[in-house]
Amino acid sequence: MSDTSVNVQIAKLVELQKIDYEVYDLNGQLEEKPAMLEEIKELFEGKKANLHVLEEKLKTIQLSRKEQELELKVKEEGVSKANAQLSAIKTNKEYTAKISEIESIKADMSVIEDKILISYEEFDKVNAEVAKEKANVAEEEKKYLLQKSKIDDEINIIKDRIKVLKSQKSKVGSEVDPACLDMYEKILVRKNGLAIVPLNGNICGGCNLNVLPQEINNLKKKHELVFCEKCNRILYLEEYL
Ligand SMILES: [Zn+2]
């Protein structure tokens with residue numbers, strides 16, 4: 001490789017690195033999005049929990065009222081049956097006993113009727129709470145859907161940008177020597193999207209460790225690609241670009 005050639009290759013790699021670093025950053029942002037979507041979804045589901053509890057309560061009230069109404073019906077039939085038996089009774093003693101039985105059933109019925117009345121009041125109260133909570137949840141759903149669509153938009157913007165960058169990359173990449181490009185790509189994958197770094201004074205711009213004087217000399221000769229001995233990234237001198 002001639003002097004100019006190394007410099008040209010490095011300049012192209014630096015250009016490539018700018019593109020790749022942005023791609024790397026964007027991919028990182030993209031990876032976080034599903035967890036963000038999951039988090040806001042869970043938060044919204046949690047806000048629906050109270051409504052669910054109230055709706056279950058409402059169902060329980062209705063169910064237990066139906067049972068009480070059924071029980072009342074059985075008692076009513078009991079009273080009718082006892083009343084019908086009255087005419088067939090011969091003795092005063094039996095008559096008094098039957099009347100007392102009827103009174104007792106009626107007393108039970110009165111208790112059940114009170115319970116049914118209370119159950120209606122309770123139902124109205126909980127029903128009002130359900131309506132209020134439904135309005136709350138509807139409001140929360142609006143917020144959730146808005147947040148979700150914002151994140152979905154961000155995902156699409158990132159994906160579009162990555163497409164643009166990839167097409168830029170393939171253009172610049174085609175101008176780089178294949179062997180150089182292959183080496184660069186391998187370092188890129190291993191080194192978190194940072195393959196070529198500037199030498200700052202005598203410090204490597206990738207690992208921030210000192211670069212050996214011998215390597216700095218090699219870099220200044222511009223004869224070959226020079227690597228940081230510590231992090232194995234390609235080094236370059238900004239003033240030579
Ligand atoms: Zn280094």
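Structural data are supplied above this passage.
All values derive from a computational prediction rather than experimental measurement.

Procedures and definitions
- Numbers given to residues run from 1 along each chain, matching the order in which its sequence is written.
- Whole-chain, interface and lining totals are the exception, using all residues; otherwise, since this is a predicted model, local features are given only for residues with pLDDT of at least 70 and side-chain atom pairs are given and counted only at 80 or more.
- By convention in this description, side-chain values take in all heavy atoms of the structure and omit both hydrogens and water.
- In this listing, donors mean N, O and S atoms no farther than 2.8 Å from the metal, or 3.2 Å for Na, K and Ca; water is missing from the atoms, so a site can look incomplete.
- For a four-donor site, all angles between 85 and 135 degrees give tetrahedral; for four or six donors, opposite pairs above 155 degrees with the remaining angles between 65 and 115 give square planar or octahedral; all remaining cases count as irregular.
- Numbering of helices and strands starts at the N terminus; helices are DSSP runs of H or I of at least 4 residues and strands are runs of E of at least 2.
- Each residue gets one of three labels from its accessible area relative to the maximum for its type: buried under 20%, exposed over 50%, partly exposed in between, using a 1.4 Å probe on protein chains only.
- When a carboxyl oxygen of Asp or Glu is within 4 Å of a side-chain nitrogen of Lys or Arg, the pair counts as a salt bridge.
- By this definition, two strands are paired if DSSP reports at least two bridges between them.
- Each C-beta atom gives one direction from the helix axis, and the arc is the one those directions make.
- Should any heavy atoms of two residues lie within 4.5 Å, those residues are counted as being in contact.

Looking at the coordination of the zinc ion
- Surrounding the zinc ion are the protein donor atoms C204 (SG), C207 (SG), C228 (SG) and C231 (SG), at 2.3 Å.
- One can describe the donor arrangement at the zinc ion as tetrahedral, given that its four donor atoms subtend angles of 105 to 116 degrees at the metal.
- Counting the intervening residues between successive donors of the zinc ion yields the motif C-x2-C-x20-C-x2-C. Linking C207 in the loop between β2 (203–204) and α4 (213–221) with C231 in the loop between β3 (226–227) and β4 (234–236), this pair joins segments that are 24 residues apart in sequence.
- Given a relative accessible area of 23%, C207 falls into the partly exposed group.
- For C231, a relative accessible area of 5% gives the class buried.

Observations concerning the pattern of salt bridges
- A complete count under the given rule lists 16 salt bridges for this structure.
- A salt bridge links K171 to E175; the shortest N-O distance between them is 3.8 Å.
- Among the ionic contacts, a cluster of salt bridges with common partners joins K12, K171 and E175.

Section: the sheet that holds β3
- Strand order in this open sheet of four strands is β2-β1-β4-β3, and the pairing throughout is mixed. Looking at the sheet topology across the chains shown, the edges are occupied by β2 and β3.

A look at α4
- Listing the buried residues of α4 in full gives E215, I216, N218 and L219. Buried residues of α4, viewed axially, fall in a sector of 160 degrees; they line one side.
- Where α4 is buried, its residues touch β1 (196–200), β3 and β4.
- Looking at the residues trailing α4, positive phi occurs at K222, about 60 degrees.

Here's the deal with the pairing of β1
- With four of five residues buried, β1 lies mostly within the body of the structure.
- Across three bridges, β1 lies against β4 in parallel orientation. By the bridge assignment for β4, V197 is matched with L235.
- As defined by bridge partners, β1 adjoins β2 across two bridges and the pair is classed as antiparallel.

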